[in-house]
Amino acid sequence: MDDKNPKSSSGRFRKWFKRKHKKKQPDPYYNQDEVSDGSNDFMEDVYVSSLDMDPCTSTNELRIFVGTWNVAGRSPVGSLAVDLEEWLKPLDAVDIYVLGFQEIVPLKTRTVIGAEDPKKATNWNLLIGKTLNESFGRPWLTPMLNPISSDSYHYVKIPVSEKRASFSAISDNTPMRGRPITRQQPVIGGSKYKLMASKKMVGVFISVWMKKELLKKYCVSNVKVSSVACGIMGYLGNKGSVSVSMLIEGTSFCFIAAHLASGEKQGDEGRRNHQVSEIFKRTNFPRLAKDDDNLHPLTILGHDRIFWFGDLNYRLYNLEDNLARHLIKKQDWKALQEFDQLRREQEDGGVFQGWREGNIEFAPTYKYSSSNCNRYSGGVPNRSGEKQRTPAWCDRILWYGKGVKLLSYLRSEIKFSDHRPVSALFSTQIEVMKSTNPRIFAKDTTVPNVMPPELIGSSRNDEEGKPTLRSLVVKDTEASSIHMQKV
C-alpha cells in the first residue's frame with residue numbers, strides 16, 4: 001500500500017499528525033498583558049498538559065463605582081435622613097457599587113468593646129438600596145417588618161416563582177457559599193441592583209451592590225468577607241478594615257474599606273503605615289475543602305483587581321495651617337499635593353508601593369466645622385470649642401492590578417458630617433475563557449449559592465455547550481507574601 005496516498009490509513013495518519021502539531025498563530029483576542037501576574041506560568045502548564053485544547057479568551061468591561069465616607073457616628077434616620085443621590089449619581093452604566101463607611105456608630109467605649117449592633121448597617125443598606133433602585137423608577141420594598149439581626153449579609157437568589165430575595169447571616173472570615181439561610185425578607189423583584197455582600201466591624205462598614213443582570217450574564221462565585229481590628233492595643237475595632245472578595249468569571253476582585261489611626265503629629269504616619277501592614281498580613285479568605293476545586297485567592301495581594309479606600313487619615317506634612325488654608329482658597333491643588341503625607345510615604349517606600357491613585361483635583365475632605373457647614377474647623381481666630389485641625393485629604397481611593405482604568409475621581413458636597421464623601425469610577429476588564437477540552441473540568445461541578453438556580457445549567461458552558469476555563473485563571477495566591485515586604 002502506498003503510504004503517501006492521502007486515502008491510505010498511513011497517509012491519513014500523517015495528515016492528521018501534521019495538522020495536530022502545526023504551530024498555532026497568536027490569538028488576536030488574547031491580550032497577554034491583561035492577564036494577572038503569576039497566571040501565565042500556570043496557563044503554560046495547562047497548554048503542555050492538554051495539547052488538544054483550543055483556548056479562547058474574551059475580554060469584557062465592567063464599570064465599578066467605589067465610594068468612601070466618614071459619617072461621624074450619625075445614622076441616616078428621622079431628622080438625619082440624607083439624600084445619597086448627589087454622591088452616588090446613579091448611572092445605568094455602573095455595574096457594581098462598592099461603598100465604604102467609617103464611624104457609622106460613635107466611637108465610644110460602649111460601641112467599641114460592646115456587642116455589634118446591626119441596626120446601623122441595616123439603615124445604611126436600606127438607604128443605599130432605595131437610592132440605587134428608585135432612581136431608575138423601580139419599586140423598592142424595604143424589609144422593615146423583620147429586620148435581620150446580623151451585621152453581615154450576602155444576597156442569595158432563590159427560585160423565581162417565589163419572587164423574593166433573601167439575605168443570610170454569616171460569621172466573620174467565613175465563606176458565604178453553603179451557609180444556611182437564617183431569615184428571608186420580601187423584596188419586590190423589580191430592583192435593578194442586588195446586595196451581594198456587606199460587613200460591619202464597630203464603625204467600619206462595607207456594602208457591595210451588583211446589577212441583577214450580571215448574575216445572569218456571568219458566573220459570580222466565592223463571595224467572602226473578612227475583617228481586621230487593629231485599633232486600641234492593636235486589636236480593638238475602632239480602627240481597622242472590612243473586606244470583600246469575589247470571583248467574576250476568571251477575574252478575582254478584592255475591596256478593602258479601612259479606617260486608619262488619626263492624628264497630625266509627627267510620627268503618626270508611622271502608626272498608619274503599621275496598620276496598613278497589619279491589614280495586609282491578617283486579612284484572609286479561607287478555603288474550605290468543599291470549594292478546593294473552585295480556587296480563590298487567600299490574601300489581598302492574591303487578587304487580580306484590588307481597591308483600597310476609606311478614611312486613611314494621612315495629613316498634610318510639614319505645612320503651616322495658615323498656608324494650607326491659603327492654598328485651598330486659591331484652589332492650588334498641585335502645590336498642596338506637594339505636602340500630602342500619603343504620597344510622600346509612597347515615594348519613600350513606607351506604604352502602598354506600586355499602588356495607584358487618581359490626580360486629586362478637589363478640596364481637602366476633612367475637617368469641616370459641623371454638619372450643614374462649608375467652613376473648615378479651626379483657623380485664626382479659632383472659634384470656641386472647635387478643634388484646631390489643618391484641612392487634609394483624609395478620604396482616599398487607591399487601586400492595584402492590571403486591567404483597571406480610572407474614569408473619574410471627585411468629592412461630593414453632602415453636608416452630613418465633618419467629612420465629605422469621595423468617589424471614583426473605574427473601567428475594569430474581566431477575562432471570560434472558554435475551552436474545547438472537557439476533560440480538565442470533570443471535577444468542577446459545584447455551583448456557588450450566589451448563582452441563580454435557573455442559570456446553573458448555563459453558568460459553566462458557552463454558547464455551544466462547551467465548558468469554560470473560569471476556574472483555571474485564578475493565580476497562585478501563596479506567592480503574595482513576597483509582595484508583603486513592600487508594604
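Here is a short report on the structure shown in this document. Note that the coordinates shown come from a computational prediction; the quantities given were computed from them, not determined experimentally.

**Some details on the overall build of the protein**
Phase 1 of the analysis: Secondary structure summary: the protein contains 11 helices and 14 strands in total.
Phase 2 of the analysis: Looking at the protein as a whole, 55% of its 487 residues qualify as buried.
Phase 3 of the analysis: In the protein, the share of contacts with a sequence separation of at least 24, taken over all contacts with a separation of at least 6, comes to 73%.
Phase 4 of the analysis: Carbon and sulfur atoms form 51% of the exposed surface of the protein, whose accessible area is close to 22,200 Å².

**So, the nonpolar core**
Phase 1 of the analysis: In this structure, Trp69, Phe101, Trp124, Met246 and Phe307 are the most contacted members of the largest nonpolar core, which totals 80 residues.
Phase 2 of the analysis: Among all residues touching Met246, those that are not within four sequence positions of it are Met196, Val208, Met210, Val220, Ser221, Asn222, Val223, Thr251, Ser252 and Phe253.

**A word on the sheet that holds strand E11 (residues 305-311)**
Phase 1 of the analysis: As summarised here, the arrangement of the five strands in space is E8-E9-E10-E11-E12, forming an open sheet in which the pairing is mixed. Strands at the two margins of the open sheet, each flanked by one partner only, are strand E8 (220-229) and strand E12 (395-400). Strand-to-strand, the axes of this sheet are offset by a mean angle of 10°, without reference to chain direction.
Phase 2 of the analysis: Two elements, E8 and strand E9 (residues 240-248), share eight bridges in a ladder whose sense is antiparallel.

**Some thoughts on the side chain of Asn313**
Phase 1 of the analysis: Structurally, Asn313 can be placed in the loop between E11 and helix H8 (321-330).
Phase 2 of the analysis: At 2.9 Å, the side chain of Asn313 forms a polar contact with the backbone oxygen of Leu260.
Phase 3 of the analysis: Not counting chain neighbours up to four residues away, the residues in contact with Asn313 comprise Lys239, His259, Leu260, Ala261, Ser262, Gly263, Arg272 and Cys394.

**Re the environment of Gly234**
Phase 1 of the analysis: Residue position: Gly234 is located in the loop between E8 and E9.
Phase 2 of the analysis: Owing to a relative accessible area of 26%, Gly234 belongs among the partly exposed residues under this scheme.
Phase 3 of the analysis: The spatial distance from the C-alpha of Gly234 to the C-alpha of Gln275 is 8.4 Å, given a sequence separation of 41 residues.
Phase 4 of the analysis: Not counting residues within four places of it along the chain, the set of residues in contact with Gly234 comprises Ala229 and Arg282.

**What about the packing of aromatic side chains?**
Phase 1 of the analysis: Counted under the stated rule, the structure contains 22 aromatic pairs.
Phase 2 of the analysis: When the ring of Phe101 is compared with that of Trp124, the centres are 4.8 Å apart and the planes differ by 35°; the resulting orientation is tilted. Of this pair, Phe101 sits in strand E2 (residues 96-102) while Trp124 sits in helix H5 (residues 119-134), and the two are 23 residues apart along the sequence. A single burial state applies to Phe101 and to Trp124, both of which are buried.
Phase 3 of the analysis: Within the aromatic cluster, the residues linked to one another by ring pairs are Trp69, Trp87, Phe101, Trp124, Phe205 and Phe416.
Phase 4 of the analysis: The aromatic ring of Phe416 is capped on one face by Arg74, whose charged end is 4.8 Å from the ring centroid.
Phase 5 of the analysis: One residue, Arg272, lies across the ring of Tyr314, its end atom 5.4 Å from the ring centre.

**Re the environment of Asp311**
Phase 1 of the analysis: Its location among the elements puts Asp311 in strand E11.
Phase 2 of the analysis: When its relative accessible area of 2% is taken as the criterion, Asp311 is described as buried.
Phase 3 of the analysis: Residues within four places of Asp311 in sequence aside, it is in contact with Thr68, Asn70, Gln102, Ala258, His259, Leu260, Cys394, Asp395 and His419.
Phase 4 of the analysis: A polar contact is formed between the side chain of Asp311 and the side chain of His259, at a distance of 3.3 Å.

**Quick look at the pattern of salt bridges**
Phase 1 of the analysis: The tally for this structure, following the rule as stated, stands at 15 salt bridges.
Phase 2 of the analysis: For Arg63, the salt bridge is made with Glu61, and the minimal N-O distance between the two is 3.0 Å.
Phase 3 of the analysis: Owing to a relative accessible area of 44%, Glu61 belongs among the partly exposed residues under this scheme.
Phase 4 of the analysis: The salt bridge involving Glu357 is made with Arg343; its shortest N-O contact spans 3.6 Å. Highlighted residues: Glu357 in the loop between helix H10 (341-347) and E12 and Arg343 in helix H10, separated in sequence by 14 residues. When sorted by exposure, Glu357 lands in the same class as Arg343, which is buried.
Phase 5 of the analysis: The network of salt bridges with common partners includes Asp340, Arg343, Glu357 and Arg396.

Reading guide: rules and limits
- Residues numbered from 1 in each chain as written.
- Predicted model: local features only at pLDDT ≥ 70, side-chain atom pairs only at ≥ 80, totals over all residues.
- Heavy atoms only, no water.
- Helix = DSSP H or I, 4+ residues; strand = E, 2+ residues; numbered from the N terminus.
- Buried < 20%, exposed > 50% of the residue type's maximum accessible area, 1.4 Å probe, protein only.
- Contact = heavy atoms within 4.5 Å.
- Areas by Shrake-Rupley, 256 points an atom, 1.4 Å probe, with all protein chains shown as cover.
- Core = buried A, V, L, I, M, F, W, Y, C linked by side-chain atoms within 4.5 Å.
- Pairing = 2+ DSSP bridges.
- Axes fitted to C-alpha atoms, helices over the stretch in contact; angles between N-to-C directions.
- Polar contact = N/O pair within 3.5 Å; in protein donor to acceptor, adjacent residues only side chain to side chain.
- Phe/Tyr/Trp six-rings, centres within 6.5 Å; stacked < 30°, edge-to-face > 60°.
- Lys NZ or Arg CZ within 6 Å of the ring centre and 35° of its normal.
- Salt bridge = Lys/Arg side-chain N within 4 Å of Asp/Glu carboxyl O.

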